[in-house]
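Overview (structure and organization)
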Amino acid sequence: MRDVAVLGVGMHPWGKFPERSVTELCREAVVAALDDAGVSWSQIEAVTAASSRFSGGKGWGLNGNDIVEDMGSTGIPVYNMSAGCAAGGNAFNVGHTMVAGGAYDMVLVVGGEKMPKGFIQTSGVEEETDPEFLRQRCVGMPGPAFWALLCRQRMAEFGTTEEQLAKVAVKAHQIGTHNEYARFRKEFTLEQVLESNMVSDPLRLYEICPVSDGAAAAIICSADKARQIAAANPVWVAGSAVATARFDDGLPRGLAGVVPTGRTHHSEAAIAVEKALAQAGATPGDLDFVELQDNTVYYELAFPEDWGLCGPGEAEHLLESGETMPTGKMPINPSGGFLCFGEATTAMGVFQVCELTWQLRGDAGPRQVPDAKLGLAQTLGLGGNGTAVVLKR
Amino acid sequence: MTTEGTPVIEGLFSETADGPRLVGSRCTTCTTPYFPKSSLCHNPECTESKIEDASFGPLGTLWSSSIQNYPPPPPARYDEPYEPYALGVVDLADGLRVVGRMAVEDPASVQVGDRVELVLGPIYHEEDGTEAISWMFRPI
Ligand SMILES: [Zn+2]
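The rules we used
Residues numbered from 1 in each chain as written. Chains lettered and ligands numbered in written order. Predicted model: local features only at pLDDT ≥ 70, side-chain atom pairs only at ≥ 80, totals over all residues. Heavy atoms only, no water. Helix = DSSP H or I, 4+ residues; strand = E, 2+ residues; numbered from the N terminus. Rg over C-alpha atoms; globule rule 2.2 N^0.38 Å. Expected span 1.5 Å × (residues − 1). Buried < 20%, exposed > 50% of the residue type's maximum accessible area, 1.4 Å probe, protein only. Salt bridge = Lys/Arg side-chain N within 4 Å of Asp/Glu carboxyl O. Donors = N, O, S within 2.8 Å, 3.2 Å for Na, K, Ca; no water. Tetrahedral: all angles 85-135°; square planar, octahedral: opposite > 155°, others 65-115°. Core = buried A, V, L, I, M, F, W, Y, C linked by side-chain atoms within 4.5 Å. Domains from an automatic or database assignment. Contact = heavy atoms within 4.5 Å. Buried area = accessible area lost by both parts, 1.4 Å probe. Polar contact = N/O pair within 3.5 Å; in protein donor to acceptor, adjacent residues only side chain to side chain. Phe/Tyr/Trp six-rings, centres within 6.5 Å; stacked < 30°, edge-to-face > 60°. Lys NZ or Arg CZ within 6 Å of the ring centre and 35° of its normal.

1. What about the overall build of chain B?
Helix and strand counts for chain B come out as 0 helices and 10 strands. The order of α-helices and β-strands along chain B, N terminus first, is β-β-β-β-β-β-β-β-β-β. Relative to the globule expectation of 14 Å for 140 residues, the C-alpha radius of gyration of chain B, 16 Å, shows essentially globular dimensions. Over its C-alpha atoms, taken along the principal directions, chain B stretches across nearly 50 × 35 × 30 Å.

Shown next as structure tokens:
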């Protein structure tokens, strides 16, 4: 396998853009990434794109084809990757695998999304054989209820308080004010978070991320190509992995599962992270910072423990002592995370690659993790899809 | 309790002489329980899929709970005006971890670790007024 560089990254800001098409959002991100990489569109040999269920893609998730038509049809291959909310991370992994394996020297990885208003239906299938359909019709349990159930279980097991949950959101927004691409760039007090409406008890409105529009792009290439480009300021892919949930996972995805023997929820994320770290030859303690999928404050507490960054029940203490801030011992989501951006579902995995790249270059300004050398990003999506990428300076 | 209504979806539960049960299946090789029924065992460590009909319940422990504070999007259904309800994940004594609505007056009264039993009850009404019946869990 060859070394792979992230040569350039670019983003369209996150927000609600009713006047703009998803293709326009993507074009802005792609042009910025090409510019950052110092290469032209004609040098791109293949595209791996996140497939969206909500916007563009001709209704078939052909989002990469939209981008190629818009940028100029050069005849290059397009790979449209579908993995629910993990599609952006999945597209990065496929692009990385193809460059590392020698199939292409220069690949565009892209994810763009315009989301419908309000809470989304997790599954698009209305059939009695679909477990998501059964759960929602027979129980009335939509996607965010999972976050609430996981969170309540943590509160019962570790004594996590409502104040501690709110502090995760307060911390995220302290950082998000410094990110020009973030949708929400305003600080919240602990009282404001605790007074926000209960949405899915015990989770409040400001403790879960809404849906957003956004687009992100990354140009990845072989080491030889990176050396040929004079202006190159690459960071390097140390590990990239995808995984699916294990059979003995303790989180029932449909109506039921097996009572597990251990404490494993979201095994898809844990497996992907473990594999990416192994490829990087790194331990969790070697990581200088992490971008994780914080659809809700719960994940920022649970995932670092699930992945061995800290011990079970320690996350609240690290949060409250400031160690999860960019300047702390275990920086989590120095971008501001999903809480500050909102979730443009399939674009999120590529958004994380942009943040990792800026952090590793030392270009993250007031939210910079000091001397960042090694960073991890993680997504998960419907179907039990998990992705992880480790980038290094 | 169920005589007036019709199941939300047919074939997921039954009323027996001993009370309500969830209708599923179990692999006799590896003892994995399935709800709803599965025609094959999906346990990757199982040596041979041997599926038998099985019923589950009524007793279990509440692994976690939440309150559905906002009206859920389709395909969920609910009666107007919307009233928040409690949701639970229950570990049944027979090895099944299953989701269900909680049959309680006050959603906030539910506690993780509660002993619960399986009951049947209406979760919404059809347009003609028929009760739509589903499985639920009630603290005991
Ligand atoms: Zn079996």
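2. Focus: helix H6 (residues 162–176) of chain A
With 15 residues, H6(A) extends 21 Å from end C-alpha to end C-alpha; this agrees with the ideal 21 Å at 1.5 Å per step. With respect to burial, H6(A) is a largely interior element, 11 of its 15 residues being buried.

3. Focus on the pattern of salt bridges
Residue and element names in this part refer to chain A. Taken as a whole and assessed by the stated rule, the structure comprises 26 salt bridges over all chains. Arg367 serves as the salt-bridge partner of Glu355, at 2.7 Å between the closest nitrogen and oxygen. Separated by 12 residues along the polypeptide, Glu355 in helix H13 (residues 348–361) and Arg367 in the loop between H13 and strand E11 (374–381) bring together distant segments of the chain. Accessibility assignment for this pair places Glu355 and Arg367 in one class, buried. Salt bridges sharing partners connect three or more residues here, namely Lys58, Asp66 and Glu69.

4. Some thoughts on the coordination of the zinc ion
Only Cys27(B) (SG), Cys30(B) (SG), Cys41(B) (SG) and Cys46(B) (SG) from the protein coordinate the zinc ion, and they sit 2.2 to 2.4 Å from it. Coordination at the zinc ion is tetrahedral: its 4 donor atoms span angles of 101 to 118 degrees at the metal.

5. Here we look at the nonpolar core
In this structure, Leu391(A), Leu22(B) and Trp135(B) are the most contacted members of the largest nonpolar core, which totals 134 residues. Each of domain 1 (4–116 + 213–236) and domain 2 (132–209 + 237–392) of chain A contributes no fewer than three residues to this core. Those residues in contact with Leu22(B) that lie beyond four places of it in its chain are Leu12(B), Phe13(B), Phe35(B), Ala54(B), Ser55(B), Phe56(B), Leu92(B), Leu96(B), Val98(B), Leu118(B) and Trp135(B). Counting 28 residues, the second-largest nonpolar core is a separate cluster that includes Ala33(A), Ile219(A), Ala226(A) and Ile229(A).

6. Here's the deal with the interface of chain B and chain A
Every contact between the two is made by 44 residues of chain B and, on the other side, 39 residues of chain A. The contact between chain B and chain A buries some 3400 Å² in all, and 67% of this surface belongs to carbon and sulfur atoms. If you look at where chain B meets chain A, you find 0 salt bridges. Viewed at the interface, chain A and chain B are joined by 14 residue pairs in polar contact (both at pLDDT 80 or more). Counting only elements with at least two residues in the side of chain B that touches chain A, the list comes to strand E4 (33–34), strand E6 (59–68), strand E7 (85–92), strand E8 (96–102), strand E9 (115–125) and strand E10 (131–139) of chain B.

7. Considering the packing of aromatic side chains
Within the structure shown, the criterion is met by 13 aromatic pairs over all chains. Pairing Tyr78(B) with Tyr82(B) gives two aromatic rings, centres 5.1 Å apart and planes at 80 degrees, and the pair type is edge-to-face. According to the relative accessible area criterion, Tyr78(B) is partly exposed, its value standing at 30%. Here the aromatic cluster, defined as three or more aromatic residues joined through ring pairs, consists of Trp14(A), Phe338(A), Phe341(A) and Phe351(A). Positioned above the aromatic ring of Tyr85(B) is the side chain of Arg101(B), whose terminal nitrogen or guanidinium carbon lies 3.5 Å from the ring centre.

8. Focus: the domain arrangement of chain A
The extent of an interface is frequently quoted as the accessible surface area lost upon association of the parts. All names here are of chain A. Segmentation of chain A into domains returns domain 1 (4–116 + 213–236) and domain 2 (132–209 + 237–392). With centres defined by C-alpha atoms, the gap from domain 1 to domain 2 works out at 24 Å. On the side of domain 2, 36 residues touch domain 1, which itself brings 43 residues to the contact. Taking both partners together, domain 1 and domain 2 bury about 3000 Å²; carbon and sulfur atoms supply 66% of that area. Three residues, Met11, Trp14 and Cys85, lead the burial of domain 1 against domain 2; their summed loss comes to 25% of the area buried on that side. Counting every contact that joins domain 1 to domain 2 gives 1 salt bridge.

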